Amino acid sequence: PHCRYEKSSAGLLTPEDVGVVADVYQRNQELDNTVKSLRAELDKAKEIAHKARSTWDKFRKERDFHRMNHRRVVQEKTKLVNDLRRLRGHLDTYEPTLQGLEEKYQVAMKEKAIARMKTDKMTVKVETLEKQLQQATIAAGASLSRYDDNNNNASKGDVGMDPSQASLGLRQTGGSRAVRPTMPQPSSDASLIAFQDRENPYLSMSFDPQRAEAYDLKKSFKGHIAPISCLAMHPKKSILATASDDTTWKMWSVPNGELIMTGEGHKSWVSGIDFHPKASTLATSSGDSTVKVWDFSQSKCIATLTDHAQAVWGCSYHDSGDYLASCSMDHTAKLWDVGQGKCRQTFRGHVDSVNSVVFQPFSNNLCTCSGDKTVSLWDARTGLCIQTFYGHLNAVNHVAFNLRGDTIASTDADGGMRLWDVRMVLERMQVDAGPHSANKVEFDQSGTIIALASDDHTVKIFDAIQGTQLGVLEGHEEAVQAVVFDASQKSLITAGSDNSFRVWG
């Protein structure tokens, strides 16, 4: 005890050694509880280890499966690569054959187009010949009937007539003078009187050239809410008509730009516009496949012409005002009797959209241009194609005559312009104004100055005699779609996709 006291005083004993001496049974019970707790934890650890082993086995099986699948995919990929190489080899052997077939197909399509054109022309010729034969048959029948009636009257009513005179159908009048009965002439279509031959009054006139290359921009007007596609000048007054993609047309006084009238009625964009030669009406063409005639005095549409199957690109009055021509995306042009509101002729022959139509001044001919790269001249009386001009390398957008009617100007989508001599039937001049599309072309009164509306936002001025470019008018913000000379004001008016028309002078 003394030693224990000394060690306790010196702090060499722990609290357990200093405390009450533990009972051995109590100590054993604590150790037993500890063993049980450790065994429970061991069982839990074994269970977790078993689950981990199961998960690992599962992952190993999935790994083996994916490895096998990957090997199979690699084998299939290798097989496909080999197949592609083999097929590429076969394709290389077939390439010359395919190229030959493609060339044959192109040749066949060209031959088909030519055959179709010839078929259409022959169809028109046959229809014309049938009409002429029918008219001749009717006229011959009427002549024979009148001749028989005269013979019968002569044999019954004339006494003492010489038999030879009676056999010739002669009758005595007022004595011994014999008069041959009048034979009826073949009846001509009264509706074609407007196409009788007449002299062009401009052949004997001369005008000073409008030096448009020196013009400056005078005024600019925002006339529509969509691009302006066409312009037309009033034949007697300084009045401008505009046609727009906003489905309306408008009339303006120039150069002040005061709005006079607005026309609404088309269901789609308005593509063409033209004044009646006597300025009593106005015609418009539209993407809704119709042509409308508008009367100024009544301020309304008085006729809607609906025979076209697709969008109508343009319209043009004959100088008599009795007829109106139109051209359409349906590959045809049509001649309309304005008074009766009926289609008199359909001009078939183009194999693509007919983009523009215009009458030759003071004649029975009209000119068309098409997306098939050709310009054609037609006889309005028979509906037959007189001449086709070849030379453009892309779709032809517009055609125009000079006032003398002896020269045609045409423009195409490559920016090219060509002048054609109507009398000599040949190309007189070729001008490259590209690479942007040339949308419209217009002669001045003298026929020596040409204005060309281009997709590059400019108007180009050319000498129609020499073919040289005299100048460029810049001011539009987008493509120029239309151009027209105003001879009375000595100015030039242009319009474009920027919704505006501009006056230059």
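For clarity, every value in this text was computed on a predicted model and none was experimentally measured.

**Student:** Quick question: what am I supposed to make of the overall build of the protein chain here?
**Tutor:** What the protein chain contains, in helices and strands, is four helices and 30 strands. Per-residue burial over the protein chain gives 40% buried out of 505 residues. Summarising the internal contacts of the protein chain: among those between residues at least 6 apart in sequence, 45% fall at separations of at least 24. In the structure as shown, the protein chain presents an accessible area of about 29100 Å², 53% of it carried by carbon and sulfur atoms.

**Student:** I tried to follow the packing of aromatic side chains on my own but got confused; where do I start?
**Tutor:** In this description, a pair of aromatic rings is defined by centroid distance and the angle of the planes. In total, this model carries nine aromatic pairs according to the counting rule given. Taken together, Y202, F207 and F362 form an aromatic cluster joined through their ring pairs.

**Student:** Hey, could you run me through the side chain of H392 in this one?
**Tutor:** One can find H392 in the loop between β19 (385-390) and β20 (396-401). Here S410 takes part through its side chain, which lies 2.6 Å from a polar atom of the side chain of H392. In this structure the side chain of H392 is engaged in a polar contact, spanning 2.7 Å, whose partner is the side chain of D412. Non-local contacts of H392, meaning those with residues more than four positions away in its chain, are made with K373, V375, S410, T411, D412, G416, R418 and W420.

**Student:** What's the story with the confidence of the model for the protein chain in this structure? I'm lost.
**Tutor:** When pLDDT is averaged across the protein chain, the result is 85; 86% of the residues are at 70 or more. For the stretch residues 154-191, pLDDT sits under 50, and the model shows 39 contacts to residues farther than four places along the chain or on other chains.

**Student:** Which parts of the structure should I look at to understand the side chain of N365?
**Tutor:** Here N365 lies in strand β17 (residues 365-370). In this view, N365 contacts F359, Q360, L377, W378, D379 and I386; residues no more than four positions away in its chain are not counted.

**Student:** Where do I start with the environment of G257 in this structure?
**Tutor:** With respect to the helices, strands and loops of the structure, G257 is situated in the loop between β6 (248-253) and β7 (258-264). A C-alpha to C-alpha distance of 8.8 Å links G257 and L240, two positions 17 residues apart in sequence. Discounting residues that sit within four places of it in the chain, G257 has contacts with F221 and W252.

**Student:** What is the right way to look at the sheet that holds strand β28 (residues 480-486) in this model?
**Tutor:** On the basis of which strands lie adjacent, the open sheet formed by four strands has the order β3-β30-β29-β28 and antiparallel pairing. Every interior strand has two partners, whereas the edge strands, β3 (217-222) and β28, have only one. Strand-to-strand, the axes of this sheet are offset by a mean angle of 20 degrees, without reference to chain direction. Note that strand β29 (residues 491-496) and strand β30 (residues 500-504) share four bridges and pair antiparallel. Within β30, the position partnered with L492 by the bridge is W504.

**Student:** I tried to follow the pattern of salt bridges on my own but got confused; where do I start?
**Tutor:** Where charged atoms from two side chains of opposite charge approach closely, those side chains can pair. For the structure shown, the criterion picks out 14 salt bridges. For K36, the salt bridge is made with D32, and the minimal N-O distance between the two is 3.6 Å. Highlighted residues: K36 and D32, both in helix α3 (residues 24-157), separated by four residues, approximately one helical turn. Overall, K36 belongs to the exposed group, its relative accessible area being 51%. Between K460 and D456 there is a salt bridge, with its nearest N and O atoms 2.7 Å apart. The class for K460 is buried, based on a relative accessible area of 7%. Within this structure, R404, D406 and R423 form a network of salt bridges that share partners.

**Student:** Whenever I open this one, the sheet that holds strand β21 (residues 407-412) confuses me. Can you help?
**Tutor:** Sheet architecture is open: four strands sit in the order β20-β21-β22-β23, paired in antiparallel fashion. A strand with exactly one partner marks an edge of an open sheet, and here the two such strands are β20 and β23 (426-432). Between one strand axis and the next, the sheet turns through 20 degrees on average, direction left out of account. Of the pairings in the sheet, the one linking strand β22 (residues 416-421) to β23 comprises six bridges and is antiparallel in character. Residue pairing in the sheet places R418 in a bridge with Q430 of β23.

**Student:** Which parts of the structure should I look at to understand unusual backbone geometry?
**Tutor:** Negative phi characterises most residues that are not glycine, and trans characterises most peptide bonds. In this structure, the amide linkage connecting V254 to the following residue, P255, adopts the cis form with an omega of 10 degrees. With respect to the helices and strands, the residue P255 is situated in the loop between β6 and β7. Each neighbour pair has its own omega, and for G434 with P435 the value is 10 degrees, a cis peptide bond. Examined against the element boundaries, P435 turns out to sit in the loop between β23 and β24 (438-443). A positive phi angle, near 75 degrees, is found at H457, a position not held by glycine. One non-glycine residue, N499, lies in positive phi territory at about 70 degrees. Note on placement: N499 falls in the loop between β29 and β30.

**Student:** In this structure, what is going on with the pairing of β30? I would like to understand it.
**Tutor:** Note on strand geometry: in a regular strand, side chains alternate between the two faces of the sheet. When you tally the buried positions in β30, you get five out of five residues, the bulk of the element. The alternating pattern of β30 places S500, R502 and W504 and F501 and V503 on opposite faces, both of which are buried. Pairing between β3 and β30: five bridges, direction antiparallel. Residue pairing across strands places K219 opposite V503, the latter belonging to β30.

**Student:** Can you help me understand the environment of V422 in this one?
**Tutor:** Following the sequence through the fold, V422 ends up in the loop between β22 and β23. In this structure V422 comes out as buried when scored by relative accessible area, which is 14%. Measuring from C-alpha to C-alpha, the distance between V422 and G405 comes to 7.9 Å, with 17 residues separating the pair along the chain. Apart from the residues lying within four places of it in its own chain, the contact partners of V422 are Q360, L377, F401, G405, D406, T407 and I408.

**Student:** Please explain the state of the cysteines as it appears in this structure.
**Tutor:** Within this structure, the stated rule accounts for zero disulfides. Unpaired in terms of disulfides, C315 finds its nearest cysteine sulfur in C230, a separation of 7.3 Å. Left without a disulfide partner, C367 is nearest to the cysteine sulfur of C369, which lies 7.2 Å away.

**Student:** Which parts of the structure should I look at to understand the pairing of strand β10 (residues 291-295)?
**Tutor:** With five of five residues buried, β10 is to be regarded as a mostly interior element. The two faces of β10 match: V291, V293 and D295 on one face and K292 and W294 on the other face are all buried. Both strand β9 (residues 281-286) and β10 contribute to a ladder of five bridges, which runs antiparallel. Residue pairing across strands places T281 opposite D295, the latter belonging to β10. Adjacent in sequence and paired antiparallel, β9 and β10 are bridged by four residues, among which S289 carries a positive phi angle near 70 degrees. In this sheet, strand β11 (residues 300-305) lies alongside β10 in antiparallel orientation, the contact comprising five bridges. Looking at β11, one finds that V291 is bridged to L305. In this antiparallel pair of consecutive strands, β10 and β11, the connection spans four residues, and S299 shows a positive phi of 55 degrees.

Reading guide: rules and limits
Residues numbered from 1 in each chain as written. Predicted model: local features only at pLDDT ≥ 70, side-chain atom pairs only at ≥ 80, totals over all residues. Heavy atoms only, no water. Helix = DSSP H or I, 4+ residues; strand = E, 2+ residues; numbered from the N terminus. Buried < 20%, exposed > 50% of the residue type's maximum accessible area, 1.4 Å probe, protein only. Contact = heavy atoms within 4.5 Å. Areas by Shrake-Rupley, 256 points an atom, 1.4 Å probe, with all protein chains shown as cover. Phe/Tyr/Trp six-rings, centres within 6.5 Å; stacked < 30°, edge-to-face > 60°. Polar contact = N/O pair within 3.5 Å; in protein donor to acceptor, adjacent residues only side chain to side chain. pLDDT = per-residue confidence, 0-100. Pairing = 2+ DSSP bridges. Axes fitted to C-alpha atoms, helices over the stretch in contact; angles between N-to-C directions. Salt bridge = Lys/Arg side-chain N within 4 Å of Asp/Glu carboxyl O. Disulfide = S-S within 2.5 Å.

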